[in-house]
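The chain contents come next:
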Amino acid sequence: MTQLFEISKTFHFDMTHRLSFHQGKCRHLHGHTYTLEVYVRGVPDKHGFVMDFGDLKHIVKEEIVDILDHSVAIYEKDVTLVDALSGKFRAVMLPFETTAENLCAWIARRLQARNLDISKIILWETPTSKAVLTL
Ligand SMILES: Nc1nc2c(c(=O)[nH]1)N=C([C@H](O)[C@H](O)COP(=O)(O)OP(=O)(O)OP(=O)(O)O)CN2
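As a convention, each chain's residues are numbered from 1 in the sequence order in which they are written. The predicted origin of the model limits local features to residues at a pLDDT of at least 70 and limits the giving and counting of side-chain atom pairs to 80 or more, whereas totals for whole chains, interfaces and linings rest on all residues. Here the side-chain values reflect all heavy atoms present in the structure, with hydrogen atoms and water set aside.

Draft legend 1. Local environment of the overall build of the protein chain. Helix numbers and strand numbers start at the N terminus; a helix is a DSSP run of H or I with at least 4 residues, a strand a run of E with at least 2. Each helix and strand in the protein chain was counted, giving three helices and six strands. Reading the protein chain from its N end, one meets helices and strands in the order β-β-α-β-α-β-α-β-β. Overall, the protein chain is about 55 × 25 × 20 Å in size when its C-alpha atoms are taken along their principal axes. In the protein chain, buried positions account for 41% of the 135 residues. For every residue, the accessible area obtained with a 1.4 Å probe (protein chains only) is divided by the maximum for its type, and the residue is called buried under 20%, exposed over 50%, and partly exposed between those limits.

Draft legend 2. Inspection of the side chain of T35 at higher detail. Note that T35 resides in strand 2 (residues 30–42). Judged by its relative accessible area of 16%, T35 is buried. Whenever two N or O atoms come within 3.5 Å, that pair is a polar contact, provided that in protein one can donate a hydrogen and the other can accept it, and provided that, for residues adjacent in sequence, both atoms are side-chain atoms. A polar contact is formed between the side chain of T35 and the side chain of H12, at a distance of 3.1 Å. In this analysis, two residues are considered to be in contact whenever any of their non-hydrogen atoms come within 4.5 Å of each other. Apart from the residues lying within four places of it in its own chain, the contact partners of T35 are T10, F11, H12, I122, L123 and W124.

Draft legend 3. Expanded view of helix 1 (residues 53–68). Here helix 1 is 16 residues long and its end C-alpha atoms lie 21 Å apart, about the 22 Å a rise of 1.5 Å per residue gives. Taken as a whole, helix 1 carries its principal kink of about 50 degrees at K61. Along helix 1, the positions that sit buried rather than exposed are L56, I59, V60, E63, I64, V65 and L68. Residues of helix 1 that are buried in the fold lie against strand 1 (5–17), strand 2, strand 3 (71–75), strand 4 (91–94) and helix 3 (100–112). Two or three places before G54, at the opening of helix 1, D52 has a side-chain oxygen 2.7 Å from that residue's backbone nitrogen. Following helix 1 by one or two positions, H70 has its phi on the positive side, about 55 degrees. A helix is expected to reach a length of 1.5 Å times the quantity of its residues less one. Bending is quantified residue by residue as the angle between axes fitted to the seven-residue window ending at that residue and the seven-residue window starting at it.

Draft legend 4. Quick peek at the pairing of strand 6 (residues 129–134). In the sheet, strand 5 (residues 118–126) pairs with strand 6 via six bridges, with the strands oriented antiparallel. If you follow I121 over to strand 6, its bridge partner there is L133. Any two strands between which DSSP finds at least two bridges are classified as paired.

Draft legend 5. Seen up close, the nonpolar core. Counting 31 residues, the largest nonpolar core has L36, V38, V60, L111 and I121 as its most contacted members. For this core, the leading source of residues is helix 3, giving seven residues. Among all residues touching L111, those that are not within four sequence positions of it are V38, I59, V60, E63, I64, L116, I118 and I121. Here, the term nonpolar core denotes a set of buried Ala, Val, Leu, Ile, Met, Phe, Trp, Tyr and Cys residues that are joined through side-chain atoms within 4.5 Å. Of all hydrophobic cores here, the second largest spans five residues; its members include V72, I74, V82 and L85.

Draft legend 6. Quick look at the sheet that holds strand 2. One open sheet accounts for six strands, arranged 4-3-1-2-5-6; its pairing is mixed. The open sheet is flanked by strand 4 and strand 6, the only strands paired with a single partner. Averaged over all neighbouring strand pairs, the angle between strand axes comes to 30 degrees, with direction disregarded. Pairing of strand 3 with strand 4, which is carried by four bridges, proceeds in the parallel orientation. If you follow A73 over to strand 4, its bridge partner there is V92. Across the face of the sheet, helix 1 comes into contact with strand 1, strand 2, strand 3 and strand 4 while running at roughly 20 degrees to strand 1. Axis definition: a line fitted to C-alpha atoms, limited for helices to the stretch in contact. Angles are taken between N-to-C directions and run from 0 to 180 degrees.

What follows is the structure, given as structure tokens:
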């Protein structure tokens, strides 16, 4: 009988951002230590691997963690932040407000482009707040 599995790996990265539309405190520049959980679905091969956890780690590090870690994430239409910070520090320009939900969708797209069958992305922005994207 074919058994369908999900495997996952968990990552951490530190990132500064703000939400330019926000009426509360999140419109101010602030940082989080994010926790990212990446889930890949698949049927195990003859050895019992959906995929090697090590390969998953390398792809997620390359596509996500190494780009966002210790960066300032800037929404490209947030003129105030673009003027103040682009070209300085490690600024990552993104075409969306950097909510946990939007970041999940961006992460999923980048990993799908590396041919991973992503079933879920969970992004913890704080120890009590997360977004879950189920595909
Ligand atoms: N749906 C969403 N709501 C909020 C987001 C988001 O990405 N999606 N983001 C923020 C802010 O970035 C904020 O830093 C995190 O919000 P919050 O959970 O309110 O943070 P606290 O540190 O106040 O958490 P407590 O555990 O309640 O102290 C806001 N909303």
